[in-house]
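Take a look at the letters that make up each chain.
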Amino acid sequence: MMKMKKSFISRISAVLLAILFLFSVEAEGTPSDWSSDTISRAIENGIITDSIKDNYQQSITRLEFCELVMKLYAATNGDDNISTVSNPFTDTDNADVIKAYSLGFVHGVADDKFAPDENITRQEICVMLYRTVNILGFKLNLSAFRSLDSYTDLKNVASWAKDAVEYMLKAGIMAGTSTKTISPNDTTTREQAVVFMMRVFDEIKMPDFTVGGTCLRIGYTKNYVINHFGAPDRIDETAYNYDWYVYDKDYNNFVMIGIENNRVSAILSNAPTFTFAGFPSGTLKSSADESIKPYASNCIITLLEDKIDSDKVIGIYTTISSKKDTVDDSVRFRCCEMEIFDCTNAFRVMNGKEPLAYSDTVSEVAFVHSKDMGEKDYFDHTTPEGKTLEDRLSEVGITVSSASENIAGGLNNGYEACFEWINSDKNRANMLGDYTSTGIGMADGKHYLHYFTQILYREDQAQLVK
């Protein structure tokens, strides 16, 4: 009887041990409670690798973290075509390591060594993320600033890592291991590394823009733009640090794409077919406002409304760029004039009208009027000398039986002037009138700083004065 009891207890113990073993194995493959939500989001966004899913509590290696960096790149870049250099390392031929090295995200521990199986240190993580963010052209929000001087182990941060560590602390990507320590040479678990990566992702994620079935996002490469949209119909220099790559042959799919350092840093469109941050053109602004909330701190977003038609959003402008320190007036004027031209035509096409042709001659008339308003400090279609639109056209040898004119002042960009007119009953009627051609001119002045003039007319009604 005693033997039977011992045998039964042994069997129960074995079963319990087996159950405990299964639970321990499952636990190893399960993230901790504090990281589980973030890791779930990382999986949803494709920013995780199969190689680290077995044990989230294990220290992450240099190779494994490099693979995560390339996942972040893929999620924010859109371009898989990476020009790689010859592999400089003798201890790894991992494709992600070579790609990350080619992009400048990672370096080796020596000229020919990457040390892929060594556990990565906290300061090395900061350096990899710092390089990645800068090369991709993003800037993180540094509101979580805390000076390195408050940490007692500051002396342990390597000179080559100090800028990166301070930046990641300022951005709140990495915190100290205590209120007084950074622990720059400590290792990091896989789940901690994923949390760091997702904090960066949350700071640089950009809303999807789609037109003509093609998706675009700030941060995508110039190569992606050319491969998916083709060669631009026009390239315009701007007052910002980007050049507009303009696609305006088909106004149903019209878009201006700002290219800065070979990456997308701005998008402007009022094509009738666009979608942005998940909402289509024609969405009520109240609904669109909700869609852009997750990106509000990551980039500038301007929703361009049709206030006359139920406050619908019919255009967007988004950017992470800034203005140039200096720019020629002629460049700034021309850029704004062409923004008005293309946005006007997209609005006309949206409303069933034919696009307008551009007239250099009439644009000069428009420019002279903008300049005259600015210099003489008035805002009217008739000059202080009593000259009307018809008089001004006649002076350059053009007479028309029907023409209209829109004027605006005090705005900084061409698309803003265009939407000012869209939301004025009279100006809107002019823009949608039975015209074939337009001329546009911008100039600086006194009271309103920036003056805009748009002339619309029918080419078949215009005659040279004899």
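Residues numbered from 1 in each chain as written. Predicted model: local features only at pLDDT ≥ 70, side-chain atom pairs only at ≥ 80, totals over all residues. Heavy atoms only, no water.

**What about the environment of Gly352?**
And step 1. In this structure, Gly352 sits in the loop between α10 (329-350) and β12 (357-358).
And step 2. Note: C-alpha distance between Gly352 and Leu432 (80 residues apart in sequence) is 9.1 Å. (Helix = DSSP H or I, 4+ residues; strand = E, 2+ residues; numbered from the N terminus.)

**Looking at the state of the cysteines**
And step 1. All told, the structure shown has zero disulfides when counted by the stated rule.
And step 2. Here Cys66 stays unpaired: no disulfide links it, and the sulfur of Cys126, its closest cysteine neighbor, is 16 Å away.
And step 3. The structure places no disulfide on Cys299, whose sulfur is separated from the nearest cysteine sulfur, that of Cys215, by 14 Å.
And step 4. A relative accessible area of 9% means that Cys299 is categorised as buried. (Disulfide = S-S within 2.5 Å. Buried < 20%, exposed > 50% of the residue type's maximum accessible area, 1.4 Å probe, protein only.)

**Observations concerning the pairing of strand β3 (residues 234-237)**
And step 1. With burial as the criterion, only one face of β3 is covered, namely that bearing Arg234 and Asp236; the residues Ile235 and Glu237 on the opposite face remain uncovered.
And step 2. Note: β3 against strand β4 (residues 243-247), four bridges, orientation antiparallel. Among the inter-strand pairings, Arg234 is bridged to a residue of β4, identified as Val246.
And step 3. Hairpin connection from β3 to β4: five residues lie between these consecutive antiparallel strands. (Pairing = 2+ DSSP bridges.)

**Comments concerning the packing of aromatic side chains**
And step 1. If you walk through the whole model with that rule in mind, you get 18 aromatic pairs.
And step 2. On the basis of an interplanar angle of 5 degrees and a centroid distance of 5.5 Å, the ring pair of Tyr240 and Tyr242 is categorised as stacked.
And step 3. Here Tyr240 falls in the buried class, since its relative accessible area comes to 14%.
And step 4. Ring pairing ties together the aromatic residues Tyr240, Tyr242, Trp244, Tyr317 and Tyr415, which thus form one cluster.
And step 5. Arg62 extends its terminal NZ or CZ atom over the ring of Phe114, reaching a point 4.4 Å from the ring centre. (Phe/Tyr/Trp six-rings, centres within 6.5 Å; stacked < 30°, edge-to-face > 60°. Lys NZ or Arg CZ within 6 Å of the ring centre and 35° of its normal.)

**Thoughts on the side chain of Arg348**
And step 1. In this structure, Arg348 sits in helix α10.
And step 2. Within the local environment of Arg348, its side chain forms a polar contact with the backbone oxygen of Glu354, the two atoms lying 2.7 Å apart.
And step 3. A distance of 2.8 Å separates a polar atom in the side chain of Arg348 from the backbone oxygen of Met431.
And step 4. Excluding residues that lie within four positions of it along the chain, Arg348 makes contacts with Lys353, Glu354, Pro355, Leu356, Met431, Leu432, Gly433 and Tyr435. (Polar contact = N/O pair within 3.5 Å; in protein donor to acceptor, adjacent residues only side chain to side chain. Contact = heavy atoms within 4.5 Å.)

**Observations concerning the packing of helix α3 (residues 62-77) against helix α4 (residues 95-103)**
And step 1. As a packed pair, α3 and α4 sit with axes 9 Å apart at the nearest point and diverge in direction by 65 degrees. The way α3 lies across α4 gives a crossing that is left-handed. Where α3 abuts α4, its residues Leu63, Cys66, Glu67, Met70 and Tyr73 lie against Asp96, Val97, Lys99, Ala100 and Leu103.
And step 2. Tallied by class, the residues present in the contact of α3 with α4 amount to seven nonpolar, no polar and three charged. (Axes fitted to C-alpha atoms, helices over the stretch in contact; angles between N-to-C directions. Left-handed = near helix turned anticlockwise from the far one by under 90°. Nonpolar A, V, L, I, M, F, W, Y, C, P; charged D, E, K, R; others polar.)

**Details of the nonpolar core**
And step 1. Residues Phe65, Leu216, Ile257 and Phe279 are the most contacted members of the largest nonpolar core, which totals 120 residues.
And step 2. Among the elements that line this core, the one with the most residues is α10, at 10 residues.
And step 3. Counting residues in hydrophobic clusters, the runner-up holds 10 residues, among them Ile398, Ala403, Ile455 and Tyr457. (Core = buried A, V, L, I, M, F, W, Y, C linked by side-chain atoms within 4.5 Å.)

**Notes on the sheet that holds strand β14 (residues 403-409)**
Strand pairing in a sheet takes place through backbone hydrogen bonds and is either antiparallel or parallel in direction.
And step 1. Taken in spatial order, the four strands of this open sheet run β12-β15-β16-β14, and their pairing is mixed. Two strands bound the open sheet, and with one partner strand each, they are β12 and β14.
And step 2. For β12 and strand β15 (residues 437-444), the ladder comprises two bridges, and the chain directions are parallel. If you follow Tyr358 over to β15, its bridge partner there is Thr438.
And step 3. Here helix α11 (residues 360-376) sits on the sheet and contacts β12, β14, β15 and β16 (450-457); the angle it forms with β15, its principal contact strand, is near 30 degrees.

**Description of the packing of α3 against helix α7 (residues 190-204)**
And step 1. Contact pair α3 / α7: the axes reach a minimum separation of 11 Å and the direction vectors enclose 25 degrees. One element, α3, and the other, α7, form an angle in the roughly parallel class. Crossing angle aside, the handedness with which α3 passes α7 is right-handed. Residue-level contacts link Glu64, Phe65, Leu68, Val69, Leu72, Ala75 and Thr76 of α3 to Arg190, Ala193, Val194, Met197, Val200, Phe201 and Ile204 of α7.
And step 2. Per-class residue counts for the contact of α3 with α7 are 11 nonpolar, one polar and two charged. (Parallel < 35°, antiparallel > 145°, perpendicular 65-115°, else oblique.)

**Overview of helix α2 (residues 33-44)**
And step 1. Taking 1.5 Å of rise per residue, 12 residues should cover 16 Å, and α2 covers 18 Å from first to last C-alpha, within 8% of that figure.
And step 2. Of all the positions in α2, only Ser35, Thr38, Ile39 and Ala42 are classed as buried. Buried residues of α2 fall within an arc of 105 degrees about the axis and therefore sit on the same side. Away from its buried face, by an angle of more than 90 degrees, α2 presents the exposed residues Asp33, Asp37 and Glu44.
And step 3. Summarising the contacts, the buried residues of α2 are in contact with α7. (Expected span 1.5 Å × (residues − 1). Arc of directions from axis to C-beta.)

**A closer look at the sheet that holds strand β1 (residues 209-211)**
And step 1. Across the sheet, four strands lie side by side as β2-β1-β7-β8; this open sheet has antiparallel pairing. Each of the sheet's edge strands pairs with one partner strand only, and the pair in question is β2 (214-216) and β8 (279-280).
And step 2. Sheet topology places β1 next to β2; three bridges connect them, and they run antiparallel. By the bridge assignment, Val211 is partnered in β2 with Thr214.

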